[in-house]
Amino acid sequence: MIEDKSPQRTPVENLGEFGLIDFITKNFKISNDSTITGIGDDAAVLNHTQSTVVTTDMLVEGVHFDLSYVPLKHLGYKAIMVNLSDVYAMNAKATQVTVSIAISNRFPVEAVNELYEGIHMACKAYDVDLIGGDTTASRSGLIISVTAIGEQDADKIVHRKGAGDGDLLVVSGDIGAAYMGLQILEREKAVFKANPQNQPDIEAYSYLLERQLKPEARKDIIKLLGDLEVHPTSMIDLSDGLSSEVIHLCKHSNVGMTIYEEKIPLDPTVITACEEFNLDSTTVALSGGEDYELLFTVKQEDFPKIKANPSLSIVGHVVDASYGMNLVTRSGEQIPIKAMGWNSFQE
């Protein structure tokens, strides 16, 4: 539990709101030319010479994360990644973030500092400026709200709409690992509850756990596509599972899609873990979520540019809307794609 993580516990009220803000933000530096004024004034001042992209996400304890197995530093890092991923899904460069938190009195200053160490690590690694936010009290645990800001030339921004008949459907990296990492963590939590003396052996699951606890937004894929001179016709990030994101692209582009089971990129550790948990790996890839890879469509003439790249997998193609959205199994059967991704409003 969070109360046991540090031998020192400094109540937040000892510092006060402004003292806490000064303490947790003292190491944040400005690195983007578009940031004119950051933390320390009534509002931040930005000067974007391109179109501005803005996105926001909220993470709520007990809904989006469980502090019994999620380290606060990892949580801070992940909170930034979740938002940067949406900026990159617009084919934009992320430049600034704001972070607001609501905390209960069970969180000492040391715990809040650990959270912001993760936030600082993410901002530094991705060359993003923390330019503001808010802190307040909470009676229901920890709540984190992040807003990410980016920029891109108007004609280079990529939307969910824009996919055309015959376009290729491409996914970066591999998918399903984050969901299986969550299954490992939930299992070990249950084992610990039954026997607190039990020491988990999770070394074999390091890749899966990293994908769940410390995901990376795919800034590198945006650079790769630029270097290859490939401009996606539509794009979305994989946060809620492949099936849900395919449906989003189809809905906004008014098209259908066919994806092929054998083309879905799965890390071998995902397949092994699925066998261990008696889960179907394709179902996990379709429904798991939290991979934060990029799913996008490109024109067929761009095929030679991407076909041999190990970071990209062509998993299907766009068809006329009348054909619907279907998964072609390894046996050749066509199965309609349904939204099965995670929904925070479901019990």
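Analysis parameters
For every chain, the first residue of the written sequence is number 1, and numbering continues from 1 along that sequence. pLDDT decides what is reported in this predicted model: residues at 70 or higher carry local features, side-chain atom pairs at 80 or more are listed and counted, and totals for whole chains, interfaces and linings draw on all residues regardless. Excluding hydrogens and water, the side-chain values take into account all heavy atoms of the structure. Elements are defined by DSSP. Helices are runs of H or I of four residues or more, strands are runs of E of two residues or more, and each kind is numbered from the N terminus. Based on C-alpha atoms, the radius of gyration is set beside the globule rule, defined as 2.2 Å times the residue count to the power 0.38. The classification of residues rests on relative accessible area computed with a 1.4 Å probe and restricted to protein chains. Under 20% of the type maximum is buried, over 50% is exposed, and intermediate values are partly exposed. Note on pairing: DSSP must find at least two bridges between two strands before they are called paired. The directions from the helix axis to the C-beta atoms form the arc being described. Contacts between residues were defined by any pair of non-hydrogen atoms, one from each residue, lying within 4.5 Å. Two aromatic rings from Phe, Tyr or Trp, using only the six-membered ring of Trp, form a pair when their centres are within 6.5 Å; if the ring planes differ by under 30 degrees the pair is stacked, by over 60 it is edge-to-face, and anything between is tilted. Placement of a positive charge over a ring is assigned whenever Lys NZ or Arg CZ falls within 6 Å of the ring centre and within 35 degrees of the normal to the ring plane. Side-chain atoms alone can form a polar contact between residues adjacent in sequence; in general such a contact is a pair of N or O atoms within 3.5 Å, and within protein one must be able to donate a hydrogen while the other accepts it. Each salt bridge in this description consists of a side-chain nitrogen of Lys or Arg and a carboxyl oxygen of Asp or Glu lying within 4 Å of one another. An axis is simply a line fitted to the C-alpha atoms; with a helix, the fit covers only the stretch in contact. Between two such axes, the angle follows the N-to-C directions and lies from 0 to 180 degrees. Roughly parallel refers to an angle under 35 degrees, roughly antiparallel to one over 145, roughly perpendicular to one between 65 and 115, and oblique to any angle outside these ranges. The handedness criterion is simple: a crossing whose near helix is rotated anticlockwise from the far helix by less than a right angle is left-handed, and one whose near helix is rotated clockwise is right-handed. Residues are grouped as follows: Ala, Val, Leu, Ile, Met, Phe, Trp, Tyr, Cys and Pro are nonpolar; Asp, Glu, Lys and Arg are charged; all remaining types, including Gly, are polar.

**A few points about the overall build of the protein**
Looking only at helices and strands, one finds 10 helices and 13 strands in the protein. What you see for the protein is a C-alpha radius of gyration of 21 Å, in line with the 20 Å of a compact globule of 347 residues. For the protein, the C-alpha atoms occupy an extent of roughly 65 × 55 × 35 Å along the three principal directions. Looking at the protein as a whole, 49% of its 347 residues qualify as buried.

**Examining the pairing of strand S11 (residues 312-319)**
On a regular strand, one side chain projects to one face of the sheet and the next to the other, so that they alternate. With six of eight residues buried, S11 is to be regarded as a mostly interior element. Two strands pair when backbone bridges link them, and strand S9 (residues 256-260) and S11 are joined in this way by four bridges, in the antiparallel orientation. The residue bridging Thr 258 from the neighbouring strand is His 317, located in S11.

**Comments concerning helix H8 (residues 268-277)**
All buried positions along H8 are accounted for by Val 270, Ala 273 and Cys 274. Projected down its long axis, H8 shows its buried positions confined to an angular sector of 105°, all on one face. Of the exposed residues in H8, the ones pointing more than 90 degrees away from its buried face are Pro 268 and Glu 275. Where H8 is buried, its residues meet helix H4 (177-194), helix H5 (206-213) and helix H9 (281-287). Downstream of H8 by a residue or two, Asn 278 has a phi angle that is positive, lying close to 60°.

**So, the packing of aromatic side chains**
A full pass over the atoms with the stated rule returns one aromatic pair. One Lys or Arg, Lys 214, reaches over the ring of Tyr 77 and ends 4.3 Å from the middle of that ring.

**Considering the side chain of His 48**
With respect to the element layout, His 48 can be found in the loop between strand S2 (45-46) and strand S3 (51-60). For His 48, a relative accessible area of 15% puts it in the buried group. Here Thr 52 takes part through its side chain, which lies 3.1 Å from a polar atom of the side chain of His 48. In this structure the side chain of His 48 is engaged in a polar contact, spanning 3.3 Å, whose partner is the side chain of Thr 95. If near-sequence neighbours (up to four positions away) are discounted, His 48 is found in contact with Ser 34, Thr 95, Gln 96, Ile 149, Gly 150 and Glu 151.

**Some words on the pattern of salt bridges**
Two side chains of opposite charge can pair, provided their charged atoms sit close to one another. All chains considered together, the criterion is met by 16 salt bridges. Measuring nitrogen to oxygen at the nearest pair gives 2.7 Å for the salt bridge that ties Lys 214 to Glu 216. We classify Glu 216 as partly exposed; its relative accessible area is 27%. Look at the salt bridges and you will find they share partners, linking Asp 174, Arg 211, Arg 218, Asp 220, Asp 291 and Glu 293 into a network.

**Topic: the pairing of strand S7 (residues 168-172)**
In terms of residue burial, S7 counts as a mostly covered element, since five of its five residues are buried. Residues Leu 168, Val 170 and Ser 172 of S7 are buried on one face, and the alternating residues Leu 169 and Val 171, pointing to the opposite face, are buried as well. Bridge count for S7 against strand S10 (residues 293-298) is four bridges, and the pairing is antiparallel. Each bridged residue has a counterpart across the sheet, and for Leu 168 the counterpart in S10 is Val 298.

**Structural notes on the packing of H4 against H8**
H8 packs onto H4 with a crossing angle of 45° between their chain directions and a minimal axis gap of 10 Å. Taken together, the axes of H4 and H8 lie oblique to each other. Pair H4 / H8 crosses with left-handed handedness. Residues Ala 177, Met 180, Gln 183, Ile 184 and Arg 187 of H4 touch H8, and the partners they reach there are Val 270, Ala 273, Cys 274, Glu 276 and Phe 277. Residue composition of the contact of H4 with H8, by class: seven nonpolar, one polar and two charged.

**A word on the environment of Ile 175**
On the secondary structure map, Ile 175 appears in the loop between S7 and H4. Judged by relative accessible area, which is 1%, Ile 175 ranks as buried. Remark: the alpha-carbon pair of Ile 175 and Asp 280, spanning 105 residues in sequence, is separated by 13 Å. Beyond its immediate stretch of four places on either side in the chain, Ile 175 contacts Leu 238, Leu 242, Ile 264, Pro 265, Leu 266, Val 270, Ala 285, Asp 291 and Glu 293.

**Quick look at the sheet that holds strand S5 (residues 129-137)**
What the four strands build is an open sheet, ordered S3-S6-S4-S5; its pairing is mixed. Each edge of the open sheet carries a strand with a single partner, namely S3 and S5. Averaged over all neighbouring strand pairs, the angle between strand axes comes to 15°, with direction disregarded. As judged from the eight bridges shared by strand S4 (residues 93-103) and S5, these two strands associate in the parallel manner. Looking at S5, one finds that Ile 103 is bridged to Ala 137. Running over the sheet, helix H2 (residues 72-88) touches S3, S4 and strand S6 (143-152) and is turned about 35° from S6. Where helix H3 (residues 109-125) meets the sheet, it contacts S4, S5 and S6, and its direction lies at approximately 170° from that of S4.

Read these as layout, nothing more, since geometry by itself doesn't imply function.
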